[in-house]
Structures are given as C-alpha cells and as structure tokens.
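Single-letter residue listing:
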Amino acid sequence: MSLDNPVLSIITPMFNAGSMLETFMQSLLAQTLTSLEIIIVDDGSTDGSGERADAYAQQHPHVHVIHQVNGGVSRARNAGLAIARGKYVTFPDADDTMSPAMYQTLVEMAERDNLDAVQCNAEWFFKSSQTTKPLIPLDRLTSTGVLSGPDWLNTALQTHRYMHVVWLGIYRRELIKQLNLTFEPGLHHQDIPWTTEFMLNVQRVRYTDQVLYRYYMHDASISNRKRTGQRNVEYQRHYLKIAQMLEEINARYRDSVKIYPAFHYQITREALSVCHTIRREPEESARQAMIADIFATQTHKRMLRNARGAKQWYQLLLWLSRIYRWRKK
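These figures come from a predicted structure and were not determined experimentally. (Residues numbered from 1 in each chain as written. Predicted model: local features only at pLDDT ≥ 70, side-chain atom pairs only at ≥ 80, totals over all residues. Heavy atoms only, no water.)

Enquirer: If you had to explain unusual backbone geometry to someone new, which residues and values would you point to?
Expert: Notably, histidine 160 is not glycine yet its phi reads approximately 60°, a positive angle. Counting through the fold element by element, histidine 160 comes out in the loop between α5 (149–157) and β8 (169–172). The exposure class of histidine 160 is partly exposed, given its relative accessible area of 37%. In this structure, histidine 189 takes a positive phi of about 60° despite not being glycine. The topology assignment puts histidine 189 in the loop between α6 (173–179) and α7 (191–200). (Helix = DSSP H or I, 4+ residues; strand = E, 2+ residues; numbered from the N terminus. Buried < 20%, exposed > 50% of the residue type's maximum accessible area, 1.4 Å probe, protein only.)

Have a look at this one:
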C-alpha cells in the first residue's frame, strides 16, 4: 500500500483516553483495509495517552500523532483534516471500537458506486449491563440503494433513531475541501450541523444496515454527564446554537436542494430538548436562566417556524405554555 496516497484517513481526537486507547487502537490495527492512515490528535492529554499514542506511531508507519494544547473535539478534527491525505475521511471516537471489516466494507461500497459518503449502522454497548442495542433498528430502516444526500438525510431522520454523528461513515475528502467545511470550535454536538451541511451537498450516498461500529456508553462520556445549575445552563446553549445553525443551513440551501419537512422538524426537536431539561433542573435560578436564553435567542419563534406534524405541534404548544407560565418577569 502507498503511505503517500492512502484510500482512507482515520482522524481521532483524543483527550485522556485512559485504558480504552488500547482497545480502540487494537480494533484499528485489526482493520482488513490496508490502504489507510491513522491520525491521532492528542488534545492536551494529561494521563499518558499522548505518550502511548506516540509508541503506536513508532511501531506502525501508518499511525501519526499530532499533539496540541487542549482545544476540544472540533479543533482536533480540523487539525487532523488539515494533514489528511486519504480519498475518504472518517472520525471515530477514541473510546469506541470498530468491526475489523468496517472500513473495507464502506470503502468498497464507495468505490463500487462512486459515492460521496457511506454510512453504516452501529450499536450502543452498555458497560454496566454488558448489553447491546442497535442504533437504528432494522424495523425502522434497512440498507438503501444510491440516494442523494438530502434524500438520505430525509430517510434517516424519519426513523427517529438516526444520529448526526460523523463516526457512522466515511466521507469524500475532496468535497469537504471544496466546501471549506470545518467543525465549529467549542460547540458540543458539532456533528449535527456538520453532517447536515455535508449531506445537503452530496450527490451519491448509501447506507448499510450492517452493525460495524460499537459506541461505549459509560458515565464519564460528555453527553451522559448529569449537569445541574450554571453548568447545565451553559450546556443547553449548545442546543440553542445548533437549532439556529440548522435553520441557517436550511435557508442557505433552500434554492439549490429540497428542504424536507424532516429538516424543519429536527430544528424544533433540538430546541425542545432544552425545554425538557428546564423541567428537570432542580435549581430555580438555572431554570430561569435557561428560559431567558430561549427568549433572548428567539428560539421560541424558531420552534414555531419549524414545527412540523400534529404531534410535534401539540408538544411545542404544551411546552411553550409551560415556559410562559414558569417565566418570572
């Protein structure tokens, strides 16, 4: 294989990966696809993960490590993209694992049908109970033929199980470069606007229902931390920002591609998650701060503009009436 022109670049941000780094690296080194480069971006780890990653790079010529000051997942992915040479790129998390055939399966599909992106199914692995659950159940969605990006996104969102996560697939690097598409620094769940914008520019994409990726659910992961108080207020601002970004993306592309009802629905859905959080928040001052944020960002109007379907309209009006009632003038 040519190390100069690998078919796939695997870009992984890593911050204090701990013992999972070993499991993750073994699953990458076991890949049956040989034409690949592995780019580990050490995002200021303090637990020795950076040194362990360097040891892998010394043993394996296709493993590269970038060390940078801690700046978050988005900056790390952008740094990896800047040096990637593969025809396709992918972004697995450093505490997950992949089936040995994952990247060969996806690359072969992409090459056979000249695809801009391929996505697969994944499974949640619950550490405490040692059980698994598919991300998208087969009764919701099976493998597709070649679709346009907007058609695929519409199909996927209608399952109500799809997640906008970049680790589900591989993406044509040339297209990312042409679009100048980067990850938003400092934004949690930045995969949502990134995958949305990428898919709205894609001509050819396919999905395979094979479960090729395992996402480890453990209490320490960012998305599963229980937050209260000011930290919760700050975290919910990411969802308000994402709702705004999704609406801006829809507006930017509405003249060039079909903007399906599901794309509007998604905006209101992301914002409604903040409403659910307000109800669960024990601190009254934090609840009031979140309510104030909803009005300050005009999210209440954004949800009304984008709600689709009787069920979502019902939920939205219910939640807005609650929020007006809870709001202290």
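Enquirer: Outline the pairing of strand β6 (residues 117–126), listing residues and values.
Expert: Of all 10 residues in β6, nine are buried; the element is thus mostly enclosed. Pairing analysis gives three bridges linking β6 to β8, with the strands arranged antiparallel. Looking at β8, one finds that alanine 117 is bridged to tyrosine 171. Note: β6 against strand β9 (residues 205–217), 10 bridges, orientation parallel. From the neighbouring strand, cysteine 120 faces β9, where its bridge partner is threonine 208. Both β6 and strand β7 (residues 131–134) contribute to a ladder of four bridges, which runs antiparallel. Across the sheet, the residue bridging to phenylalanine 126 is threonine 131, located in β7. In sequence, β6 turns back onto β7 through a hairpin of four residues, with glutamine 130 there showing a positive phi of about 60°. (Pairing = 2+ DSSP bridges.)

Enquirer: Outline the packing of helix α8 (residues 229–253) against helix α9 (residues 261–280), listing residues and values.
Expert: Running from N to C, α8 and α9 cross one another at 165°; their axes reach a closest spacing of 9 Å. Judged on the interaxial angle alone, α9 and α8 are roughly antiparallel. Judged by the twist between their axes, the crossing of α8 over α9 is left-handed. Contacts between α8 and α9 involve Asn232, Gln236, Tyr239, Leu240, Ile242, Ala243, Leu246, Glu247 and Asn250 on the former and, on the latter, Phe263, His264, Gln266, Ile267, Glu270, Ala271, Ser273, Val274 and Thr277. Across the contact of α8 with α9, the residue classes break down as nine nonpolar, seven polar and two charged. (Axes fitted to C-alpha atoms, helices over the stretch in contact; angles between N-to-C directions. Parallel < 35°, antiparallel > 145°, perpendicular 65-115°, else oblique. Left-handed = near helix turned anticlockwise from the far one by under 90°. Contact = heavy atoms within 4.5 Å. Nonpolar A, V, L, I, M, F, W, Y, C, P; charged D, E, K, R; others polar.)

Enquirer: Pulling in residues and values, what's your account of helix α12 (residues 310–326)?
Expert: Between its terminal C-alpha atoms α12 stretches 24 Å, which fits the 24 Å expected from 17 residues at 1.5 Å a residue. Taken as a whole, α12 has its buried residues at Gln312, Leu316, Trp319, Leu320, Arg322 and Ile323. What you see down the axis of α12 is that its buried residues fit within an arc of 160°, all on one side. In this structure, α12 carries Ala310, Tyr314 and Arg325 as exposed residues pointing more than 90 degrees from its buried face. Check the buried side of α12 and you find it contacts α9, α10 (284–296) and α11 (299–306). (Expected span 1.5 Å × (residues − 1). Arc of directions from axis to C-beta.)

Enquirer: Residues and numbers for the pattern of salt bridges, please.
Expert: Evaluated as defined, the whole model comprises 14 salt bridges. Its salt-bridge partner being glutamate 123, residue arginine 214 comes within 2.8 Å of it at the nearest N-O pair. Pair noted here: arginine 214 is in strand β9 and glutamate 123 is in strand β6, with a separation of 91 residues, a long-range link. Its salt-bridge partner being lysine 241, residue glutamate 184 comes within 2.9 Å of it at the nearest N-O pair. Placement of the pair is glutamate 184 in the loop between α6 and α7 and lysine 241 in helix α8, with a sequence separation of 57 residues. (Salt bridge = Lys/Arg side-chain N within 4 Å of Asp/Glu carboxyl O.)

Enquirer: Please provide a residue-by-residue account of the confidence of the model for the protein chain, values included.
Expert: Mean pLDDT over the protein chain works out to 94, with 96% of the residues at or above the 70 mark. Predicted confidence for residues 220–224 stays below pLDDT 50, and this span has 11 contacts to residues more than four positions away or in other chains. (pLDDT = per-residue confidence, 0-100.)

Enquirer: Give me the side chain of threonine 196: which residues, what numbers.
Expert: Locating threonine 196 in the fold gives a position in helix α7. Given the relative accessible area of 5%, threonine 196 is considered buried. A polar contact is formed between the side chain of threonine 196 and the backbone oxygen of isoleucine 192, at a distance of 2.8 Å. Not counting chain neighbours up to four residues away, the residues in contact with threonine 196 comprise Leu153, His164, Leu246 and Ile249. (Polar contact = N/O pair within 3.5 Å; in protein donor to acceptor, adjacent residues only side chain to side chain.)

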